[in-house]
Amino acid sequence: MIIANAIISVRNKGKEFFGNHERLYAIVIGCCFLPFISPAIALFAGLLFSLLGMRHRNIHQYTSRILQWSIVLMGFGMSLEEVITASKSGFVETIISVTGVMMTGIFLGKLFRVEKNISLLISTGTAICGGSAIAAVAPILKSENYQNSFALMVVFVLNAVALFIFPAIGHTLGLSQETFGNWAAIAIHDTSSVVGAGAAYGEKALQIATTVKLIRALWIIPLSIVIALVNKSGKGAINFPWFILFFVGAILFANIFPELQKSYAHFYWLGRRGMVVALFLIGSNITIGQIKQSGAKSFALGISLWVITATASLVLLK
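The structure contained in this document is the topic of the report that follows. (Residues numbered from 1 in each chain as written. Predicted model: local features only at pLDDT ≥ 70, side-chain atom pairs only at ≥ 80, totals over all residues. Heavy atoms only, no water.)

## A short note on the packing of aromatic side chains
This structure, assessed with the given rule, holds 14 aromatic pairs. Taking the centre distance of 5.2 Å and the plane angle of 90° together, the rings of Tyr25 and Phe49 count as edge-to-face. With Tyr25 in helix α2 (residues 22–31) and Phe49 in helix α3 (residues 39–51), this residue pair connects regions lying 24 residues apart in the sequence. A residue is classified by how much of its surface remains accessible, and Phe49, at 8% relative accessible area, is buried. Pairing Phe180 with Tyr201 gives two aromatic rings, centres 3.9 Å apart and planes at 10°, and the pair type is stacked. With Phe180 in helix α10 (residues 177–187) and Tyr201 in helix α11 (residues 191–201), this residue pair connects regions lying 21 residues apart in the sequence. Site record: aromatic cluster; members linked through ring pairs are Phe76, Phe253, Phe257, Tyr264 and Phe267. (Phe/Tyr/Trp six-rings, centres within 6.5 Å; stacked < 30°, edge-to-face > 60°. Helix = DSSP H or I, 4+ residues; strand = E, 2+ residues; numbered from the N terminus. Buried < 20%, exposed > 50% of the residue type's maximum accessible area, 1.4 Å probe, protein only.)

## Description of helix α7 (residues 116–127)
In an α-helix, one turn spans 3.6 residues, which is why side chains three or four residues apart end up on the same side. In a regular helix each residue adds 1.5 Å, so 12 residues correspond to 16 Å; α7 covers 16 Å between its end C-alpha atoms and thus fits that length. Within α7 the residues assigned to the buried category are Asn117, Ile118, Ser119, Leu120, Leu121, Ile122, Ser123, Thr124, Gly125, Thr126 and Ala127. (Expected span 1.5 Å × (residues − 1).)

## Here we look at the packing of α10 against helix α12 (residues 203–217)
Between two packed helices, both the angle of their axes relative to each other and the distance between the axes serve to describe the pair. As a packed pair, α10 and α12 sit with axes 7 Å apart at the nearest point and diverge in direction by 35°. Read as a crossing pair, α10 and α12 show a hand that is right-handed. The segment α10 lies against α12, with Gln177, Glu178, Phe180, Gly181, Asn182, Ala185 and Ile186 engaging Glu203, Lys204, Ala205, Ile208, Ala209, Val212, Lys213 and Arg216. Class assignment for the residues of the contact of α10 with α12 results in 7 nonpolar, 3 polar and 5 charged. (Axes fitted to C-alpha atoms, helices over the stretch in contact; angles between N-to-C directions. Left-handed = near helix turned anticlockwise from the far one by under 90°. Contact = heavy atoms within 4.5 Å. Nonpolar A, V, L, I, M, F, W, Y, C, P; charged D, E, K, R; others polar.)

## Re the nonpolar core
In summary, soluble globular proteins display a tendency toward joint burial of nonpolar side chains. In terms of nonpolar packing, the biggest core is built from 71 residues, with Ile128, Phe166, Phe180 and Trp183 touching the most fellow members. It is helix α9 (residues 145–173) that provides the largest number of residues to this core, a total of 11 residues. For Ile128, the contacting residues outside a window of four places in its chain are Ala133, His189, Lys213, Arg216, Ala217, Trp219, Ile220 and Leu223. Leu24, Ile37, Ala42 and Val276 belong to the second-largest nonpolar core, a separate cluster that totals 12 residues. (Core = buried A, V, L, I, M, F, W, Y, C linked by side-chain atoms within 4.5 Å.)

## Looking at the packing of helix α4 (residues 63–74) against helix α8 (residues 131–141)
Where α4 meets α8, the closest approach of the two axes is 9 Å, and the angle between their N-to-C directions is 130°. With respect to α8, the element α4 is oriented oblique. In the packing of α4 onto α8, the handedness of the crossing is left-handed. Of α8, the residues touching α4 (which contributes Ser64, Leu67, Gln68, Ile71 and Met74) are Ser132, Ala135, Ala136 and Pro139. By residue class, the composition of the contact of α4 with α8 is 6 nonpolar, 3 polar and no charged. (Parallel < 35°, antiparallel > 145°, perpendicular 65-115°, else oblique.)

Next up, the structure:
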């Protein structure tokens, strides 16, 4: 009761102090372009805004567009040559693992009675590449901000845990560099955490983990199209993810005209920072009621799916 009263008091003071808080939103969005503001920090900053009652309804109509164009801009940072090279190995294994994780996630979602969109988002993030995959699929599902936020929170928390425990588990079990690299790429969500865990384990593990993760990241494209086909709205209508085609176009353009590499690096950076801005906006539009409704179930689903994926992949690799 005391805690609840304290939260209400803080919220009232926040409203009184910041007023319409448009300027504060502008300041925080500007800070999202600074290198030390991570996606996780931006999301939790948004949640703090929501907790203090500083929700800006008008600006959230742009969240989906920011997510989509950020994905497109990130396409300029992908090497087509590396993609083709990486795709020559592990193609069948990738199909099996991605399909298996998605099916398991959907089953667990029904078991835990988690909302359909949250189940699909968490499953996609676990199967492919964490936050980036969730951001790509969210506009296709037309999911609510709180659904996106819970899926992202689950991924960010588990990523932080994996970064520390995976190398320790690998050394305890005596995993080879190759086995650990493949395991990290399959069982850890975000590419950044995969790189961090691989680097902590060894140079060869880092190279293998990065390459395998690259293959999985490209599955954003076919999986997005499949979800769009399955997730029809209306009579035969298909919410086709056109921005995914622009994403592919960005990859092709960047590799056809390599002389513009410096510009592509800026585009990729802008895409990464745009994702951070979108995550702040997503977090700031969540209500306490939504947290109570889906928070615990989302984490139960995410943790269960993560443990199953990590365990099954390790057994198969060994």
